[in-house]
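Spelled out, the chains give:
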Amino acid sequence: MEGEIILAKHTEGLNGLPQECKQMVDLTNGHSNHKHEMNGVPPGHAIVKEHTNGNSHHKPVPIAALKQNGLLQSLAAGGDQPRTEEVSSEVERAREEWDALESIQPVLPEELAPSPLISFNEALQHFQTTDLAELLKNIQPTVRRTGLAAITHFLFGPPRLHKELLEERDLVFAIAQCSLDNVQPVHMRVLQTIYKKLTGNRNDCPRFGAHWESVGFQGTDPATDLRGTGFLGLMHTLYLVMDPETLPLARDIYKLSQHPVQNFPFSVMSINMTRIALHALREEVLSKECNRRQQVVGVINDFYAATFLHLFQLWKTEQKTISDSGYVLKEVEMFAKKNPKQVLRRLETHLKERRGRIGHRASPDSLTHSNRSPSDRGSTLGGGAQGTKEGKDMNFTGVCDLPADMEGDARLI
């Protein structure tokens, strides 16, 4: 009988089948067919060994039943005859999983460690030691005035910035020209630090993803929101969250930004505060204070934080919503530029009052590296508000999408 197979194995290797095998060759029309004879059991059956009260019995089992077992499929395919193996879905899935395991690269322990937080001063030092010559060629540190406007500004306008501060001022505008670089470790640490300090997460997050929307960016890539302020937008947010004096204020603003009714995109709003501060520096509104304190970076940082505080208080007390953002931003920008000294004094008062309520103590979040410059102010903490953690999707107009003659107008970037 051609094509019949007998399993004759008397070891307990496959489903308890005994593994004593005897091979028979049957010649038919000049061809040799291999048959396996198992203890006299007719071909076409397999032997299953059963134990009953210590006695073993052999029970014939049709070979077709073995085809249901994927592990025995090679036996059921037919001896040494050429065949195409039909692999069950379980075996195929196992093979795919095994192949996938071979392609997995091991992760080194150091790759799992989160990146260290970075202070504002450390990030600033990076830019101070980086060649920004090409960026400096494109900056516009002051407003270009001609004719009567130039004469009026010279006679009645704010004082000129001291010459020894021009280099520091230009550095600020060069950073505002710098884009986010994915291969620059300092840039990535700044981004990760902002996310960790706002969310309380200790682990690094992916460079792209919807998680950035949770801290107030418009989409999956924070870089797309920095077109109007460059990397300075991130530097100011870093200053706000890493200075132990302003960190509570940053968290209070962040909580309000997630209010179910009064929500707004925190990071986008912060970038708008940076834009207002840049305009104020370019229009020489801050020159008098810079000359008094003999620094530029510290003054623009405080002006940014003070403007953000002003917006926070107005937004909260007047119960503003995102539909009011255009009007509120315009009002905040006009007030801050017209009253820079008053805005800065409000920030100092706010921080001082908080110190009086909680006592003079270091924040548990403070790091070894302080954000303050050597000649910076010496206040400690700030802020106070309540909110929830719910938000919603919002769309905003980019500053680079608007006509150039609208540069001075307030709007969400």
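Residues numbered from 1 in each chain as written. Predicted model: local features only at pLDDT ≥ 70, side-chain atom pairs only at ≥ 80, totals over all residues. Heavy atoms only, no water.

(A) Structural detail: the overall build of the chain. Each helix and strand counted, the chain has 16 helices and 4 strands in total. The buried share of the chain, taken over its 413 residues, is 44%. Sequence-distant contacts, at least 24 apart, represent 71% of the contacts inside the chain between residues at least 6 apart. When the accessible surface of the chain is totalled, it reaches about 22,600 Å², and 52% of it is carbon and sulfur. (Helix = DSSP H or I, 4+ residues; strand = E, 2+ residues; numbered from the N terminus. Buried < 20%, exposed > 50% of the residue type's maximum accessible area, 1.4 Å probe, protein only. Contact = heavy atoms within 4.5 Å. Areas by Shrake-Rupley, 256 points an atom, 1.4 Å probe, with all protein chains shown as cover.)

(B) Just the packing of helix α14 (residues 297-317) against helix α16 (residues 340-358), in detail. Interhelical geometry of α14 versus α16 gives an angle of 80° and a closest axis separation of 9 Å. Accordingly, the angle class assigned to the pair α14 and α16 is roughly perpendicular. Residues Asp302, Phe303, Ala305, Ala306, Thr307, Leu309, His310 and Gln313 of α14 touch α16, and the partners they reach there are Pro340, Val343, Leu344, Arg346, Leu347 and His350. Looking at the contact of α14 with α16 residue by residue, the class counts come to 8 nonpolar, 4 polar and 2 charged. (Axes fitted to C-alpha atoms, helices over the stretch in contact; angles between N-to-C directions. Parallel < 35°, antiparallel > 145°, perpendicular 65-115°, else oblique. Nonpolar A, V, L, I, M, F, W, Y, C, P; charged D, E, K, R; others polar.)

(C) Main features of α16. Spanning 19 residues, α16 covers 28 Å between terminal C-alpha atoms, matching the ideal 27 Å at 1.5 Å per step. Within α16, the full set of buried residues consists of Pro340, Val343, Leu344, Leu347, His350, Leu351, Arg354 and Arg355. Summarising the axial view, the buried residues of α16 lie within an arc of 135°, below the 170-degree limit, and thus occupy one face. Away from the buried face of α16 by more than 90 degrees, exposed residues Lys341, Lys352, Gly356 and Arg357 are located. (Expected span 1.5 Å × (residues − 1). Arc of directions from axis to C-beta.)

(D) Up close: empty space enclosed by the protein. Tallied over the full model, the rule gives 1 cavity of 30 Å³ or more. Size it by volume and the largest cavity reaches roughly 50 Å³. Lining the largest cavity are Phe120, Leu124, Leu171, Val172, Ile175, Leu232, Met235, Val297, Ile300 and Asn301. If you list the elements that add at least two residues to the lining of the largest cavity, you get α5 (120-128), α8 (166-175), α10 (232-242) and α14. For the lining of the largest cavity, the residue count by class is 9 nonpolar, 1 polar and no charged. (1 Å grid on protein atoms, 1.4 Å probe; cavity = no way out; pocket = protein on both sides within 12 Å on 5 of 7 lines; lining within 4 Å. Points joined across faces, edges and corners; volume = space filled by probe spheres on them.)

(E) Seen up close, the pattern of salt bridges. Counted by the stated rule, this structure contains 12 salt bridges. Glu289 is the partner of Arg292 in a salt bridge, and the nearest nitrogen-oxygen pair spans 2.6 Å. Highlighted residues: Arg292 and Glu289, both in helix α13 (residues 287-293), separated by 3 residues, approximately one helical turn. For Arg292, a relative accessible area of 61% translates into the label exposed. Relative accessible area serves as the criterion here: at 16%, Glu289 is assigned to the buried category. (Salt bridge = Lys/Arg side-chain N within 4 Å of Asp/Glu carboxyl O.)

(F) Here's a closer look at the packing of aromatic side chains. Taken as a whole and assessed by the stated rule, the structure comprises 8 aromatic pairs. Ring centres 5.4 Å apart and planes at 50° place the aromatic pair Phe127 and Phe231 in the tilted group. With Phe127 in helix α5 and Phe231 in the loop between α9 (185-199) and α10, this pair connects stretches of sequence that are 104 residues apart. What makes Phe127 buried here is its relative accessible area of 1%. Assessed through its relative accessible area of 0%, Phe231 is described here as buried. (Phe/Tyr/Trp six-rings, centres within 6.5 Å; stacked < 30°, edge-to-face > 60°.)

(G) Structural detail: α10. Counting buried residues in α10 gives 11 out of 11 residues, a clear majority hidden from the surface. Along α10, the residues that are buried comprise Leu232, Gly233, Leu234, Met235, His236, Thr237, Leu238, Tyr239, Leu240, Val241 and Met242. On its buried side, α10 packs onto α5, α8, α9, α11 (247-257), α12 (266-282) and α14.

(H) Summary view of the nonpolar core. Val190, Phe231, Leu234, Met235 and Phe308 are the most contacted members of the largest nonpolar core, which has 79 residues in total. For this core, the element with the highest residue contribution is α14, accounting for 13 residues. Sequence-distant contacts of Met235, defined by excluding residues within four places in its chain, comprise Phe120, Ala123, Leu124, Phe127 and Ile175. (Core = buried A, V, L, I, M, F, W, Y, C linked by side-chain atoms within 4.5 Å.)

(I) Expanded view of the confidence of the model for the chain. Across the chain, the average pLDDT comes to 74, with 59% of residues at 70 or higher. Considering only residues more than four positions removed or in separate chains, one finds that residues 46-52, a stretch of pLDDT under 50, has 28 contacts. Below a pLDDT of 50 lies the segment residues 362-411, which in the model reaches 135 contacts outside its immediate sequence neighbourhood of four places, other chains included. (pLDDT = per-residue confidence, 0-100.)

(J) Focus on unusual backbone geometry. A positive phi angle, close to 65°, is found at Glu284, a residue other than glycine. Glu284 gets classed as buried once you look at its relative accessible area, which sits at 9%. Look at Gln319: it is not a glycine, yet its phi comes out positive at around 50°. Structurally, Gln319 can be placed in the loop between α14 and α15 (325-338).

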